Structures are given as C-alpha cells and as structure tokens.
Amino acid sequence: MATPRATARTPGRRLQAETKRAAILDAAEALFVSDGYELTSVDAISARAGVSKRTVYDHFGDKQTLFRGVLGRANDAVVATVRKAIDEELVDDRDIRDALLGFTQRVTTGMFPTSDYATFRRLSSQAPVAPRLPEAARDQPERMMEERFAKFAADGKLQLTDPRRAMQHFVALTMRLVLDVTDEDPTAGKPEILAILTDGVDVFLRAYRGT
C-alpha cells in the first residue's frame, strides 16, 4: 500500500501542494457522492482533479484514506455549524424553551438544506462498504450538545441524570423527526417543520424541565 510522501517544501511548493490536495479532495468528493465509494477509482479521481495518479497516492496513500479525508472535511463543516448554533442559541441567559427551539430551527432550516450537509449524509450513508470516521469524530456534535445539556442541568434548567440519554431523546423528538419527514416528503414546508420542532421541544421539556 502506498504511503503519503512528506518532503521539505518552500512556501511556493507548499501552496502548490495544498492546491493540488484541495483539487483532489474536491474531485473525490464529487465522484464519491455521484458514483459511490466502490465504483469510484483513483484513476477517475486523478483525471477529474487534473493531477497524476502518483500525485493522488503521494497525498493520501490509498482510496480509503482519501475517502476518510473527504468525509472528515464534510464532518468538520457540520461540526462547525453545530458548534456555532450551540454557542449562539443555547445560551445561559435565554429561556430554555426559546433556546431549544432556536437551536433546532437553526440546524434544520440553516444546515439541513445546505450542500455541505447533503454531502455529509451521502458519504456517511455509504458505510459499511466505505470507511467510516473514528467514533470520536462522528459523535462530536452529539458530545457538544450533551455537554450543554449537562450545564443546563447544573444550572437547574433541566432535570436529568444522564445528559447523553436526554440529548438522544431531544434529537429523536426534533431534528431526526424533521429529517424523517423531509426525506419522505421533500416539499414539506417551514410551517410543518416548525410545528414538528415545537411539539418535540414541548414533549422533551415535559419530561426534563427543571422546576
């Protein structure tokens, strides 16, 4: 198996290498999304990226590592969006119901329709045929939410003993249900989505709201 090659580079050569690496990732992403992991060849990726097959192997070593690089980049975009939504919506001085509704609306209407998230879902759905990211990377958005729920509990805004289970209940009642509905009916509009989120947040708070 080929291994990525590391060599000392001048700033100009580093920029050239970074440009080629980005082109390879872009080409691989497009092909992995359109054709799937199994049907995408390194030859096709190199041709689309406009680089030699040797260059692809120099940067990534093999197709598995390249796929993980593409999936990792998509995952990073999702993590960054969720982190920003948590930091800006799930804030300490906000009513807990308003905060939870604001967060779910931000994610479902701001992130779900984006091409970054569509790419992430398409790539993730190719497991177990395609490689997966390490569990720590896959679970990062959930862990961030879990930490914020634990803080809400410490502040008396939620009553819970297991922040992870509470987070799982919250996601299932709100954002995952929206995904299920919109996957089945892509024409589902914002009022329907908002109704799902409102009902889910209210059900969650009846179980977990602090006194």
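Quick note: structure is the one above.
Residues numbered from 1 in each chain as written. Predicted model: local features only at pLDDT ≥ 70, side-chain atom pairs only at ≥ 80, totals over all residues. Heavy atoms only, no water.

(A) View of the overall build of the chain. A tally of helices and strands in the chain yields 11 helices and zero strands. Each helix and strand of the chain, ordered N terminal to C terminal, gives the series α-α-α-α-α-α-α-α-α-α-α. Across its three principal axes, the chain shows a C-alpha extent of roughly 65 × 40 × 30 Å. Expressed as a percentage of contacts within the chain between residues at least 6 apart in sequence, the contacts between residues at least 24 apart total 71%. Accessible surface for the chain amounts to roughly 11,400 Å². Of this, 50% is attributable to carbon and sulfur atoms. For the chain, the distance from the average site of its 31 positive side-chain charges to the average site of its 31 negative ones is 7 Å. (Helix = DSSP H or I, 4+ residues; strand = E, 2+ residues; numbered from the N terminus. Contact = heavy atoms within 4.5 Å. Areas by Shrake-Rupley, 256 points an atom, 1.4 Å probe, with all protein chains shown as cover. Lys, Arg positive; Asp, Glu negative; His and termini not counted. Charge placed at Lys NZ, Arg CZ, Asp CG, Glu CD.)

(B) Representation of helix α11 (residues 190-208) in the model. End to end, α11 covers 26 Å across 19 residues, agreeing with the expected 27 Å (1.5 Å per residue, within 8%). Against the buried residues of α11 lie α5 (96-111), α8 (140-154), α9 (163-173) and α10 (175-184). (Expected span 1.5 Å × (residues − 1).)

(C) Spotlight on the packing of aromatic side chains. Scanning the entire structure with this criterion turns up nine aromatic pairs. Taken together, a centroid distance of 4.9 Å and an interplanar angle of 75 degrees make the contact between F32 and F67 edge-to-face. Highlighted residues: F32 in helix α1 (residues 11-35) and F67 in helix α4 (residues 63-89), separated in sequence by 35 residues. Its relative accessible area of 0% is what places F67 among the buried residues. The interplanar angle of 20 degrees and the centroid separation of 4.9 Å between the aromatic rings of F112 and Y117 together place this pair among those described as stacked. Grouped by ring-pair contacts, the aromatic residues F149, F170, F204 and Y208 constitute a single cluster. Sitting over the ring of Y37, K63 keeps its end group 4.3 Å from the ring centre. (Phe/Tyr/Trp six-rings, centres within 6.5 Å; stacked < 30°, edge-to-face > 60°. Buried < 20%, exposed > 50% of the residue type's maximum accessible area, 1.4 Å probe, protein only. Lys NZ or Arg CZ within 6 Å of the ring centre and 35° of its normal.)

(D) Representation of the nonpolar core in the model. Membership of the largest hydrophobic core comes to 57 residues, with the highest contact counts inside it found for L66 and F103. It is α4 that provides the largest number of residues to this core, a total of 10 residues. Setting aside its immediate chain neighbours within four residues, F103 contacts V82, A85, I86, E89, L90, M145, F170 and M175. (Core = buried A, V, L, I, M, F, W, Y, C linked by side-chain atoms within 4.5 Å.)

(E) Summary view of unusual backbone geometry. Across the junction of A127 and P128, the peptide omega takes the value 5 degrees, indicating a cis bond. Structurally, the position occupied by P128 is in the loop between α6 (115-124) and α7 (135-138).

(F) Fine view of the side chain of T174. Tracing the backbone through its elements, the reader meets T174 in the loop between α9 and α10. Among the polar contacts made by the side chain of T174, one reaches the main-chain carbonyl oxygen of F170 at a distance of 2.6 Å. Among all residues touching T174, those that are not within four sequence positions of it are T104, I196, L197, G200 and V201. (Polar contact = N/O pair within 3.5 Å; in protein donor to acceptor, adjacent residues only side chain to side chain.)

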